[in-house]
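Listed here are the chains, written in short residue letters.
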Amino acid sequence: MADRYQAWIEGAAAERPQLAAALAELGELYHRKLWHQLTVQLEQYIEQPEFQEGGFLVALYQNFVAGFAHKVNLLKLAFFAVAVGKQMASPEEGSAFIQDVIANLEASKQPDTQQPILYLRMQLAQYALVQGRLQDCKRAFEAGREELDGLTDVDPQVSASVYYAASLYHKQQKEYAQYYRATLMYLAYVSQDSLPQDFRQALAVDISLAALLGEDVYNFGELLLHPIINALKEGGFGWLLEMLECFNSGNIHRYDELCTRHAVVLNGQPALVAHERRLREKITILCLMELISSLPPDRRTIALSTVADCTKLPLDGVEFLLMKTLALHLIEGVIDQVDGSVQVSWVQPRILTLPQIEGLRARLDGWVDKVSGAALTLENEAVGIAQTS
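Everything quoted here is computed from the prediction, not taken from an experiment.

As for the side chain of His226
You can see His226 is positioned in the loop between helix 13 (221-224) and helix 14 (238-249). Accessibility expressed as a relative area gives 16% for His226, which makes it buried. Contact partners of His226, with chain neighbours within four places excluded, come to Leu187 and Gln192.

Dropping the structure here:
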């Protein structure tokens, strides 16, 4: 005799002809108690639009999945619960539903509930953000990051959920540098193919703008090497990719040219307009760092006039730029005002893009040639000394 869960799935199959075959398969797997296969099929079906119409996932969970929730992979159950919560009529209902799922997991006393509960709590953090409970959201993802540090063999989706909640919070707070880093961490745990195209492009735009606007973000190599950046090549965002490449190369002359050529679209970005001064300061600092990096370590005593020419600054502006860059610990060195120069002993390492690596290889090849030439000269001179003696 069929129990009420199997009876419901059979009734749902009769009421929804378009889902009849899929629901019949779920009912058969339930009847045979093939919990793993049932979980796999559910995971596939919940992504289909037909299953998401009219809040059907909510009914499916309450009237079917709840009957065997304690018998399936608990992390898969958490993924399903989050999908169901998103179909609730309001964030309040979704939050209450997720809280009930967490309570049931905690009451079950089953092993391996830590990761599923952490994943569900990150969904609660997102609901808190939508409801305007910012501090609850912040406390949740900060606790989540601490919990991650103490876990081993963490599912990538669980890690991603923590950093995604953090990124949403920082985005709303307009904390550009924090958003940039949290989103990079999120992207480290998700597959590009799993992200819808429109979401991927929106994310690429947001993280690119955050990189430009982040106060202490002076390294763009990691972002430029990430596959997410390819989304900027479509949809009219090529200008943003050009800007990133310009900042990465520290080319202030190129920056001015791009500002003129893309003036209309740049003026349509309120955040860029509001922080125009910050952008100018950043590209100038990056221009200085590029100048230093391009010189061999033994030739980094640079005339202030050279810095002025490179950065488009007057001499008094050069001293302020150097002091600012030193204060940010982007370089280390000593300014010699009498001699009118700066001696740089260290510049912050950067993640290099492929063209930059190619340039570095050319410089290393030149250095190897010089060393080989010096070695040959010493060898010849040593032979001459040996013959004289």
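Structure's up, so let's keep going.
Comments concerning the UniProt feature "domain: PCI" (unreviewed entry) in the chain
Residues annotated by UniProt as "domain: PCI" (unreviewed entry) correspond here to residues 178-349. Measuring from the first to the last C-alpha atom of residues 178-349 gives 20 Å, for a span that is 60% helix and 9% strand.

Overview of the packing of helix 6 (residues 74-85) against helix 8 (residues 114-130)
The contact between helix 6 and helix 8 brings their axes to 8 Å, and the two run at 15 degrees. The angle between the axes of helix 6 and helix 8 places the two elements in the roughly parallel class. Both helix 6 and helix 8 take part in a crossing whose hand is right-handed. Contact residues: helix 6 offers Leu74, Leu75, Ala78, Phe79, Ala81, Val82 and Gly85, while helix 8 offers Gln115, Pro116, Tyr119, Leu120, Gln123 and Tyr127. In terms of residue class, the contact of helix 6 with helix 8 is made up of ten nonpolar, three polar and no charged.

What about the layout of surface pockets?
The calculated volume of the largest pocket comes to roughly 1,200 Å³. Lining the largest pocket we find 39 residues, and of these Glu47, Val82, Lys86, Tyr119 and Gln157 sit closest to its centre. Elements with a contribution of two residues or more to the lining of the largest pocket: helix 3 (35-45), helix 6, helix 8 and helix 10 (156-172). Sorting elements by how many residues they give to the lining of the largest pocket places helix 8 first, with seven residues. A breakdown of the residues in the lining of the largest pocket according to their chemical character gives 26 nonpolar, nine polar and four charged.

Remarks on the pattern of salt bridges
Pairs can form between side chains of opposite charge once their charged atoms are near each other. If you walk through the whole model with that rule in mind, you get 15 salt bridges. Across the salt bridge formed by Lys324 and Glu281, the nearest N and O atoms sit 3.8 Å from each other. Here Lys324 is found in helix 20 (residues 315-327), whereas its partner Glu281 is found in helix 18 (residues 276-293), with 43 residues between them in sequence. Beyond isolated ion pairs, a larger network of salt bridges with shared partners links Glu242, Arg254, Glu257 and Arg261.

Some words on the sheet that holds strand 3 (residues 341-347)
Read across the sheet, three strands follow the order 1-3-2 without closing on themselves; strand pairing throughout is antiparallel. Looking at which strands have only one partner, the edges of the open sheet turn out to be strand 1 (301-303) and strand 2 (331-336). Sheet twist, expressed as the mean angle between neighbouring strand axes with direction ignored, is 25 degrees. Bridge count between strand 1 and strand 3: three bridges; the pairing is antiparallel. Considered in strand 3, the bridge of Ala303 is made with Ser341. Sheet contacts for helix 18: strand 1, strand 2 and strand 3; angle to strand 3, the most-contacted strand, approximately 80 degrees. In the packing of helix 20 onto the sheet, the strands contacted are strand 2 and strand 3, and the crossing angle to strand 2 comes to about 145 degrees.

Rules of the game
Residues numbered from 1 in each chain as written. Predicted model: local features only at pLDDT ≥ 70, side-chain atom pairs only at ≥ 80, totals over all residues. Heavy atoms only, no water. Helix = DSSP H or I, 4+ residues; strand = E, 2+ residues; numbered from the N terminus. Buried < 20%, exposed > 50% of the residue type's maximum accessible area, 1.4 Å probe, protein only. Contact = heavy atoms within 4.5 Å. UniProt positions renumbered as here; feature names shortened; annotations may be inferred. Axes fitted to C-alpha atoms, helices over the stretch in contact; angles between N-to-C directions. Parallel < 35°, antiparallel > 145°, perpendicular 65-115°, else oblique. Left-handed = near helix turned anticlockwise from the far one by under 90°. Nonpolar A, V, L, I, M, F, W, Y, C, P; charged D, E, K, R; others polar. 1 Å grid on protein atoms, 1.4 Å probe; cavity = no way out; pocket = protein on both sides within 12 Å on 5 of 7 lines; lining within 4 Å. Points joined across faces, edges and corners; volume = space filled by probe spheres on them. Salt bridge = Lys/Arg side-chain N within 4 Å of Asp/Glu carboxyl O. Pairing = 2+ DSSP bridges.

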